[in-house]
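Report on the structure
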Amino acid sequence: MYRIFSKLLLITGLVFVISSCTKDLNTIPLSPTVVTSATVYNDTAAYKQVLAKLYAGLATSGQQGPAGQPDISGIDEGFGEYLRGYWHLQELPTDEAVISWNDQTIHNFHKQSWNSSDVFITAFYSRVMFQVAQCNEFLRQTTDAKLTERGVSAELKAKIAHYRAEARFLRALSYYHALDLFGNVPFVTEKDPVGAFFPPQISRTDLFSYVESELKAIIPDLLPARTNEYGRADQGAAEFLLAKLYLNAKVYTGTERYTDCLTYCNKVINDGYALDSSYQDLFLADNNVNNPEVIFPIEFDGVHTQTWGGTTFIIHAAVGGSMNPADFGIDGGWAGTRTTSALVDLFNGVMPPSPSVKAMKAAQATYPEIYVPGGYQGWDPSTAPALASVNSDNTYEGYVNMDPAGEFKITAARNWDVAYGAGSTAGTLSTSGGNLSVTDAGYYKMNVDLTNMAYTMTKTTWSIIGAITPGGNWTTDMTYDPTTDTWSITGDFPAGDFKFRANHDWGLNYGVDNGNTLKENGGNLNIPTASNYTITLKLGTPPYTYTITQNKIDHRALFYTDGQSLEINDIGTFTDGYAVAKFKNVTSAGVAGKDLTFTDTDFPLFRLADVYLMYAEAVLRGGTGGDMATAVHYINLLRQRAYGNTAGDITESDLTLPFILNERGRELYWECTRRTDLIRFGEFTGDTYLWPWKGGVKDGIGTNSKYDLYPIPAADLSANPNLKQNTGY
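Structural notes, computed from the coordinates. (Residues numbered from 1 in each chain as written. Predicted model: local features only at pLDDT ≥ 70, side-chain atom pairs only at ≥ 80, totals over all residues. Heavy atoms only, no water.)

1. Section: the overall build of the protein chain
Of regular secondary structure, the protein chain possesses 18 helices and 30 strands. Across its three principal directions, the C-alpha atoms of the protein chain cover 115 × 50 × 50 Å. Counting only residues that meet the buried cut, the protein chain has 56% of its 729 residues in that class. On the protein chain, the mean spot of the 54 positive side-chain charges and the mean spot of the 78 negative ones are 6 Å from each other. (Helix = DSSP H or I, 4+ residues; strand = E, 2+ residues; numbered from the N terminus. Buried < 20%, exposed > 50% of the residue type's maximum accessible area, 1.4 Å probe, protein only. Lys, Arg positive; Asp, Glu negative; His and termini not counted. Charge placed at Lys NZ, Arg CZ, Asp CG, Glu CD.)

2. Some words on the environment of aspartate 477
Residue placement: aspartate 477 occurs in strand β19 (residues 475-477). Taking the C-alpha atoms as reference, aspartate 477 lies 51 Å from asparagine 228; in sequence the two are 249 residues apart. For aspartate 477, the residues in contact, after removing those within four places along its chain, are Trp462, Ser463, Ile489 and His504. Of the polar contacts made by the side chain of aspartate 477, one reaches the side chain of histidine 504; its length is 2.7 Å. (Contact = heavy atoms within 4.5 Å. Polar contact = N/O pair within 3.5 Å; in protein donor to acceptor, adjacent residues only side chain to side chain.)

3. Some remarks on helix α12 (residues 310-317)
The element α12 is largely enclosed, with a buried count of eight among its eight residues. Within α12 the residues assigned to the buried category are Gly310, Thr311, Thr312, Phe313, Ile314, Ile315, His316 and Ala317.

4. Details of unusual backbone geometry
Of note, the bond from aspartate 403 into proline 404 is cis; its omega dihedral lies within 30 degrees of zero at 15°. With respect to the secondary-structure elements, proline 404 resides in the loop between β10 (395-402) and β11 (407-408). Put simply, proline 542 and proline 543 share a cis peptide bond, and its omega is 5°. In this fold, proline 543 is placed in the loop between β26 (531-538) and β27 (545-550). Notably, asparagine 290 is not glycine yet its phi reads approximately 50°, a positive angle. Its place among the elements puts asparagine 290 in the loop between α11 (258-269) and β6 (294-298). Here methionine 453, not a glycine, exhibits a phi torsion of approximately 50°, which is positive.

5. Focus: helix α8 (residues 204-218)
The terminal C-alpha atoms of α8, which comprises 15 residues, lie 21 Å apart, in line with the 21 Å expected from a rise of 1.5 Å per residue. Looking at the buried residues of α8, the elements they touch are α7 (154-181), β4 (185-186), β5 (201-202), α9 (235-247) and α10 (249-253). (Expected span 1.5 Å × (residues − 1).)

6. Observations concerning the sheet that holds β27
Taken in spatial order, the four strands make up an open sheet running β20-β21-β26-β27, and their pairing is antiparallel. Strands at the two margins of the open sheet, each flanked by one partner only, are β20 (479-481) and β27. Averaged over neighbouring strand pairs, the angle between their axes works out to 25° when direction is ignored. As defined by bridge partners, β20 adjoins strand β21 (residues 486-493) across three bridges and the pair is classed as antiparallel. The residue of β21 that forms the bridge with tyrosine 480 is tryptophan 487. (Pairing = 2+ DSSP bridges. Axes fitted to C-alpha atoms, helices over the stretch in contact; angles between N-to-C directions.)

Pasting the structure below:
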């Protein structure tokens, strides 16, 4: 919506200095080129433009993108942008993120060792207060009396009634952030006088009540859910924020409100939102197009809302090391943010396996055998690979991995009593001959005819070919694992037929015989449904077998691991810790955003998946108005999207509070929920839950519970005698 925002200069007449708490909002400037609240509202088109500026306050840092005329001064504009500040405070002190840079006090977030002079905390606090001030001024200037005085038409008045409700929502959102992060803050509404005065401090409990009452009051004046312009608040957004408020009520007020949480979860669910079919698409450059899941986004546009914060920061800062910036739709990475092994561990057992697989035990028939000892395995007949005579006709075959290349013989038993070596001519055998040999290491198919004393060897590599391969009949190579003596491939495959083929031609191929056994030139194999599979080929000693295993893979695990270590030994080294590839400035079609520096990717601040998770948690915590069966159903909807099938489905016995916290981490990581979630579960501070670099120690240590709240900035305490500091600071 705010992409229509024209570059009105100081439309509220306000620039915040982060060391001050109030400014006069009604100053008429001497320059006629400067627009302020005393003049801007004479233009009837300005009401929507000013509303656009209120929305833009969540995304941009000033009046000129990406920098140059900041809304707040005293800090770099990128650091001072709303979403970037919120992301810092919600993600960096948790198990979900670290940052390699050493800007001022940024590492104090990992350490949970900040104080009231922290510049990043002060910047976000000031940004919240600035946003509240903007909303207050809009509400002052749009009262019925003001509109009548200006001769505003009845039609425009009706629209402005909706605008006012949206402004109150945006103010409630910022006050909710203040409530959650700071607790007891200065409190000002449109009813307070403009000009210099000392705002009173509101208690956390009273601020909770205020946000609750505001959201309830504005719902009738907001447009129904999913009927407003994209990016603008509607009834669904207010209902979502009420659900979130009630979920955390015990933290904020000491009183549980889980039944109320369920009431508003149900309202949102009944509003007609639906899960996006693709998890990754929620975080791409065209996530504003036909997205049924997002309830309230913070919009970004690479041309019209340029900022060094927002998703420009989130995407650029996450790219470094061997990552290709073009894959993320950007012109370069900033090599900053990664995640800890604690987040990765939430996906343990459900991440894509490596190309090799665990040993597959194939049923072995009791065929006659001969053996192939050699230098490649220590010349030991007792452990040598076997060749088998499937037809018991004195002809034998099998596959032997001869690595390293060198000499070998063939024995009739697992001893040296009868051994076959080289005959007088190539390809023949003799019981008195010298050692046989191969000059190239590799995986060989051996055929031995002891009636005619002859043998052949064919070096092979294996692939799959058929409808399940990219492009239909293209060959896709498999990977050999010498530990298990298997060839395998793992990937997302469509339903369809395929076969195993050697050396990229049809001279040697295997298809189905019966069961899971194979035969040369056999019938097509089949994958019945699209999913992620590991296809494994077991050759060695006949019978030859295969397996198709549907993998239990959570596709929300969007990590980049090439060249990145799992554990973080040095926070300042980007390649320590897995990179997060969740947000990208490319569309679902793989096309880069309009600008390679500034991103088009919107930030999904509220989305339906969170509502499903809130519903399940509120049921588990004893709220009425919901039930376990429905809670399990909602969780399984999330997991079916994540897995692409029902492999990740849970039952009622699986649905516990620890599971919910972990599932919130898997679904919502890097979406500014983690700090709040950990606090609600009692695991943010203290030593109940330790993660890498909590407390500034590699393995994590317990921290002081005072860090459950951020401090009121020292500068504001000095400027306003009405304020008292939060406990412990």
